[in-house]
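Spelled out, the chains give:
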Amino acid sequence: MPLIPAELQPAVALALLALLFAAFVIERYPPDVTAAGAAALFVGLGLVPYDAVLGVFSNPAPITIAAMFVISGALVRTGLLDALAALVIARAESRPVLAVMVFLGATVLASGIVNNTPVVLILIPVIIRLARSLGIAETRLLIPLSYAAVLGGTLTLIGSSTNLLVAGVATGLGLPPFGIFEIAGVGAAAALAGVATLAVLGPWLLPDRRARGDAAEDETVFLTQLQVLEGYAGIGKPLSEVADLTRPGIRVTARREGARLRRSDLGAHVLSAGDVLVAQATTSEILTLRDLPGLVVGLRRGTARNGEDELLVAEAMVTPTHGSARDTVSHLSVGYRYGLRVLGAFRHGHVPGPDLGTARLRPADKLLLEGTAEGFDRLSQGGELVSVSRASGRAYRRRRAPLALLALLTVVTLAAFDVAPIEILALIAVAAILWCRCIDGDEAWGSIDAGILVLIFSMLIVGRGLQETGTVGLIVETAAPWLEGLPPIALLAAFYALTSVLTETVTNNAVAVVVTPIAVALGQEAGVDPRALVVAVMMGASASFATPVGYQTNTLVYGAGDYRFTDFLRIGVPMNLIVGVAAVLTIPLFFPLAP
């Protein structure tokens, strides 16, 4: 039984909504915790029926997002995102502003033909890499990424699930169906206005703040050694043309000639069997090279094992009592003493030595080691190295990259042609990439950001509570008398503004379902073509910028960029106003107000 009388429920729900947004602004707790608390209050006070709460968990949006997280993880593990990031960063080095604008423009276009939520999920890691390569804070680019996707979603009927929902409700009320590209003119005007606003106001209003934990997210770059053996595929090629050794995560710094290290003209050197190269590489690239036939990574001593013992890779730190200027990696003798191979050495802020074998160890230096479980057990007991833990990176599975890309393109193509719902296609794609070993199960589930899913589910519960208590309907009914009698263009602007404001506080799909029938009814009574008002509702519900919970892509970058709630208000309110004006002025050009 509800604890609040039915006549008081709308007021109580509005009060809880106000408290929720106050808590978002204060940010005493993380946004997912704040939203979960609000959802618990709505449920505990009986403002959301039990079956309605269960219905929220059948919403396809969070399921799709979780599946796309896994697909994104597969794109990372197979090296596709790394390659895309390298391509974008290479263009950005010479013309950074143009590269960023082209990247965001491509996001707008992609979001017009693909649902914009998975587009943002795929591109978040790329935009973070781009920001770091340019030496700017991720907060300067992640909000524009979300906004570009939102603007792209207004270009076509399939760019946003909200567009499809509004069109479906309108068709059910007797209006002619909308074509896929019928709203493209209005969407293009909104997108141009939005991009121009970002270009002009973004440098002033976007936050310039590093996300917490940046250092932890970067992979450690180790000093390592590579020996070329007979049978390696790169033999006979100049070093600059060997793809394995020219990736963004690898930098060859020297070539050993007897007792000397040669550092000049490395790119022109033709690889031959017996070459020993000094390099700096990330953990993932070292592990990828380790699996290539014809290459020996690290010092050749060690890795003695019996039978079918599995080789493990782990990181270990030099203790304060053993690291000194006279201790080198070779003198440590972990190969002879423990049967371990040293794959790399790392020192924060510095290169530990000219090459791996002669690198002088200091306290807190880190070594990347390969060996058996028994060898690591004996190492832990020895005392020279501590904090033995699993390596932070994993080998790329580049041979399976075509399979991961095929899975993504299949989801996109079949969803665009409405062969099946995108959530079903995404789940099938997840099963396929797991079965094809594009990504391991533990890494797949670890790639899902649980905080974002909690935030989305919680806000869906809050939005359902506002619907069930009649709060949204009450707001619309209160505004309806003020809308009657307005000139057609003012009525159009009023419906856009009403939809936009409601979308910032309630899930846009809920607003679309409630406001669309009222727009059709008032349009018919006022002698205004209802299709024009429906397009205004469509645009107002899709173009949401002012809060991180108003649209799913905003929610995604909210967590990824460690933004504050007010960051969205500062840039989002001008975006809402300018894009809204552009849309309202353009709608009559493509959808005449006179029926």
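Residues numbered from 1 in each chain as written. Predicted model: local features only at pLDDT ≥ 70, side-chain atom pairs only at ≥ 80, totals over all residues. Heavy atoms only, no water.

Right, let's get into the overall build of the protein chain. Each helix and strand counted, the protein chain has 25 helices and nine strands in total. Looking at the 595 residues of the protein chain, the share that counts as buried comes to 52%. Considering only residue pairs separated by 6 or more positions, the protein chain has 81% of its internal contacts joining residues 24 or more positions apart. Of the roughly 25800 Å² of accessible surface on the protein chain, 63% is carried by carbon and sulfur atoms. (Helix = DSSP H or I, 4+ residues; strand = E, 2+ residues; numbered from the N terminus. Buried < 20%, exposed > 50% of the residue type's maximum accessible area, 1.4 Å probe, protein only. Contact = heavy atoms within 4.5 Å. Areas by Shrake-Rupley, 256 points an atom, 1.4 Å probe, with all protein chains shown as cover.)

What follows concerns the packing of aromatic side chains. In this structure the tally under the stated criterion is six aromatic pairs. Relative to F457, the ring of F57 lies with its centre 4.9 Å away and its plane at 35°, an arrangement referred to as tilted. Of the two residues, F57 sits in the loop between α3 (50-56) and α4 (60-77) while F457 sits in helix α19 (residues 450-468), which places them 400 residues apart along the sequence. Judged by its relative accessible area of 45%, F57 falls in the partly exposed class. (Phe/Tyr/Trp six-rings, centres within 6.5 Å; stacked < 30°, edge-to-face > 60°.)

The next point concerns the pattern of salt bridges. Under the criterion given, the structure shown has 13 salt bridges. A salt bridge links E182 to R531, with the shortest nitrogen-to-oxygen separation between them at 2.9 Å. Placement of the pair is E182 in the loop between α9 (161-172) and α10 (184-205) and R531 in helix α23 (residues 530-542), with a sequence separation of 349 residues. Overall, the relative accessible area of 12% leaves R531 in the buried class. Measuring nitrogen to oxygen at the nearest pair gives 2.6 Å for the salt bridge that ties R398 to E285. Residue R398 is located in the loop between β9 (385-390) and α16 (401-416), and its partner E285 is located in helix α12 (residues 283-290); the two are separated by 113 residues in the primary sequence. One continuous salt-bridge network, built from bridges that share partners, spans R290, D291, R341 and E370. (Salt bridge = Lys/Arg side-chain N within 4 Å of Asp/Glu carboxyl O.)

With that settled, the discussion passes to helix α15 (residues 373-382). Taken together, the buried positions of α15 are occupied by G375, F376 and L379. Along the long axis of α15, the arc covered by the buried residues comes to 95°, so they all point the same way. (Arc of directions from axis to C-beta.)

This part takes up the packing of helix α8 (residues 142-153) against helix α25 (residues 565-590). Put simply, α8 and α25 touch, their axes get as near as 12 Å, and they point 30° apart. In terms of their interaxial angle, α8 and α25 are classed as roughly parallel. Both α8 and α25 take part in a crossing whose hand is right-handed. On α25, the residues that touch I143, Y147 and L151 of α8 are D567, F568, I571, G572, M575 and V579. (Axes fitted to C-alpha atoms, helices over the stretch in contact; angles between N-to-C directions. Parallel < 35°, antiparallel > 145°, perpendicular 65-115°, else oblique. Left-handed = near helix turned anticlockwise from the far one by under 90°.)

Turning our attention to the environment of V579. Following the sequence through the fold, V579 ends up in helix α25. Taking the C-alpha atoms as reference points, V579 and V195, separated by 384 residues in sequence, lie 9.4 Å from one another. Excluding residues within four positions of it along the chain, V579 makes contact with L151, A190, G194, Y496, A543 and F545.

Before going further, it helps to examine unusual backbone geometry. Even without being glycine, D265 reaches a positive phi, approximately 55°. Residue position: D265 is located in the loop between β3 (260-262) and β4 (276-282). Relative accessible area serves as the criterion here: at 58%, D265 is assigned to the exposed category. For R437, which is not a glycine, the phi torsion comes out positive at approximately 65°. Following the sequence through the fold, R437 ends up in the loop between α17 (422-435) and α18 (441-446).

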